[in-house]
Amino acid sequence: MCNIDFGRDIEIKINEPLSKHSSFRIGGGAKYALFPKNREELIFAVNTCIQRHKKFLIVGNASNLLFDDNGFDGVVIFTTKMDNTEYIHKNDGVYIKAECGKSLTELASEVGKKHSLQGLEFAYGIPGTVGGAVYMNAGAYGGQMSDVVVETEAYDFKAQRVVTVTGEEHKFSYRHSLFGETPGLIVLSTTVKLSLGDAEEIFAKMNKTMTSRKEKQPLELPNAGSTFKRPGENIFVGKLIEDAGLKGYSVGGAQISEKHAGFTVNRGGATSSDVRSVIEHTKAVVLEKYGVLLESEIIYIPY
Ligand SMILES: Cc1cc2nc3c(=O)[nH]c(=O)nc-3n(C[C@H](O)[C@H](O)[C@H](O)COP(=O)(O)OP(=O)(O)OC[C@H]3O[C@@H](n4cnc5c(N)ncnc54)[C@H](O)[C@@H]3O)c2cc1C
């Protein structure tokens with residue numbers, strides 16, 4: 001029973017296990033989990049949290065997060081039901097406006113396979129949402145969100161108004177954006193600009209990246225993607241960790257993947273503290289052996 005009015009039609013779950021939603025399959029219960037279907041529901045819910053002094057967190061597909069074993073003592077707002085797309089044809093290309101909860105892989109597949117639009121092939125297989133991908137400036141295989149994003153609509157919850165962010169204002173850099181440095185901004189939708197391409201070529205490119213992911217990444221075990229950010233242009237974290245003799249290193253159920261040392265996997269029953277111990281140990285060993293300070297790409301969400 002929920003005695004807070006988060007909005008009449010919004011879907012609410014109480015004490016919802018976050019492990020059910022996270023790609024790591026780790027995390028205790030969220031006091032409240034909300035699933036808005038559109039921006040009005042999301043904005044109403046956010047404003048309610050602010051008025052009621054409730055801690056809240058915006059989550060997409062939770063594919064880059066490590067939730068605490070105790071869960072989250074507040075409101076987790078999942079965007080995954082906000083997944084509309086709109087196509088706008090102009091002389092210089094096709095503009096696709098996607099809501100924040102749209103699956104990035106579905107979007108890449110839809111634009112590439114159905115509409116023969118090129119530019120998002122790199123994103124095929126990244127298991128996040130559009131909002132999470134803009135926040136992280138997600139990228140792979142030589143492409144990143146900053147290559148295609150032209151405009152983002154965001155809710156500035158401090159000013160309580162919708163703002164439009166364009167071009168350079170996104171402040172994109174490697175796994176970084178304006179949204180990562182400005183906690184008051186929630187991505188509502190993003191517009192990407194793509195161009196017409198050859199359907200077969202697009203399809204082949206997407207298949208190639210997916211095959212490579214399946215071959216190299218430990219997709220058979222729960223994980224949250226690369227554990228660490230790349231520390232420099234030509235430094236490969238997986239190789240560094242492997243050379244440090246840490247491949248397979250484990251604490252409890254958390255392990256540095258035997259398949260790809262750049263990933264930490266949940267072999268079953270891993271806790272958030274197991275994962276954090278693996279991360280801290282790896283950082284310490286790599287710093288000592290190579291003088292390289294690793295920065296976690298996985299975002300830890302405390303209780
Ligand atoms: C198997 C696997 C492979 C992966 N491969 C890649 C890869 O190749 N490249 C890559 O870059 N990443 C990769 N990732 C990591 C992850 O998928 C990306 O970072 C993705 O962009 C995160 O999106 P999400 O919706 O899951 O975000 P979440 O994990 O839900 O959230 C990430 C951050 O974004 C914020 N956020 C989410 N939505 C919004 C919003 N609407 N407004 C404001 N803030 C928001 C959250 O608060 C959080 O701080 C991989 C992960 C896995 C599990």
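In this text the structure is predicted, and so the values were computed from the model without any measurement. Sequence order sets the numbering: in each chain, residues are counted from 1 along the sequence as written. Only residues with pLDDT of at least 70 get local features here, since the model is predicted, and only at 80 or more are side-chain atom pairs given and counted; chain-wide, interface and lining totals rely on the full set of residues. To get the side-chain values, take all heavy atoms of the structure and skip hydrogens and water.

1. Looking at the site of the ligand
Thinking step 1. Nearness here has a simple test: a residue counts as near a molecule or strand if at least one of its heavy atoms is within 4 Å of that partner. The full set close to the ligand counts 33 residues, and Ile-58, Gly-60, Ser-63, Thr-129 and Gly-139 are the nearest of them.
Thinking step 2. Whenever two N or O atoms come within 3.5 Å, that pair is a polar contact, provided that in protein one can donate a hydrogen and the other can accept it, and provided that, for residues adjacent in sequence, both atoms are side-chain atoms. Gly-60 places a polar main-chain atom, nitrogen or oxygen, 2.8 Å from an oxygen atom of the ligand.
Thinking step 3. Between the ligand and Ala-62, the relevant distance is 2.9 Å, taken from an oxygen atom to a main-chain nitrogen or oxygen of the residue.
Thinking step 4. All accessibility values rest on the Shrake-Rupley procedure with a 1.4 Å probe; residue burial counts only the protein chains present in the view. Here the ligand has 970 Å² of accessible area as a free molecule, and 94% of this is covered by the chains.

2. Points about helix α2 (residues 104-114)
Thinking step 1. Partly exposed residues are those whose accessible area sits between 20% and 50% of the maximum for their type, while under 20% is buried and over 50% is exposed, using a 1.4 Å probe and protein chains only. Under the DSSP-based scheme used, a helix requires at least four consecutive residues in state H or I and a strand at least two consecutive residues in state E, with every element numbered from the N terminus. Residues of α2 that are buried include every one of Leu-104, Thr-105, Leu-107, Ala-108, Glu-110, Val-111 and Gly-112, and no others.
Thinking step 2. For this analysis, residues touch if any pair of their heavy atoms sits within 4.5 Å. Buried-residue contacts for α2 involve β6 (85-90), β7 (93-99), β8 (117-118), α3 (130-136), β13 (185-196) and α5 (199-216).
Thinking step 3. Two or three places before Thr-105, at the opening of α2, Ser-103 has a side-chain oxygen 3.4 Å from that residue's backbone nitrogen.
Thinking step 4. Among the residues trailing α2, Ser-116 stands out with phi positive, at a value near 55°.

3. Topic: the sheet that holds strand β17 (residues 263-266)
By way of backbone hydrogen bonds, the strands of a sheet pair with one another, either parallel or antiparallel.
Thinking step 1. Here the rule is simple: two strands pair whenever DSSP picks up at least two bridges between them. The four strands are arranged β14-β17-β16-β15 in an open sheet whose pairing can be described as antiparallel. Both edges of this open sheet fall to β14 (223-226) and β15 (250-251), since each of them pairs with a single strand only.
Thinking step 2. Pairing of β14 with β17, which is carried by two bridges, proceeds in the antiparallel orientation. Across the sheet, residue Ser-226 finds its bridge partner in β17, namely Phe-263.
Thinking step 3. Axes here refer to lines fitted to C-alpha atoms; in helices the fit is confined to the stretch in contact. Angles between the N-to-C directions go from 0 to 180 degrees. The strands that helix α7 (residues 272-290) touches are β15, β16 (254-256) and β17; relative to β16, the one it contacts most, it runs at about 30°.

4. Some details on the domain arrangement of the protein chain
Thinking step 1. One can read the domain layout of the protein chain as domain 1 (11-78), domain 2 (85-209) and domain 3 (220-301).
Thinking step 2. Distance from the C-alpha centre of domain 1 to the C-alpha centre of domain 3: 26 Å.
Thinking step 3. Taken together, the 13 residues of domain 1 in the interface contact 18 residues of domain 3.
Thinking step 4. Between domain 1 and domain 3, a total of about 1300 Å² is buried, with carbon and sulfur atoms accounting for 59% of that surface.
Thinking step 5. A 1.4 Å probe defines the accessible area here, and the buried area is the portion of it lost by two parts on being joined, summed over both. The largest per-residue losses of area from domain 1 upon contact with domain 3 belong to Phe-24, Asn-64 and Leu-66, which jointly make up 49% of the total buried on that side.
Thinking step 6. Think of a salt bridge as a Lys or Arg side-chain nitrogen and an Asp or Glu carboxyl oxygen that are within 4 Å of each other. For the interface between domain 1 and domain 3, the tally reads zero salt bridges.
Thinking step 7. Per element, the largest residue contribution to the side of domain 1 that touches domain 3 is three residues, and it comes from strand β4 (residues 65-67).
Thinking step 8. Each residue is assigned to one of three groups, with Ala, Val, Leu, Ile, Met, Phe, Trp, Tyr, Cys and Pro labelled nonpolar, Asp, Glu, Lys and Arg labelled charged, and all others, Gly among them, labelled polar. Counted by class, the side of domain 1 that touches domain 3 contains seven nonpolar, three polar and three charged residues. An automatic or database domain assignment provides the domain bounds reported here.

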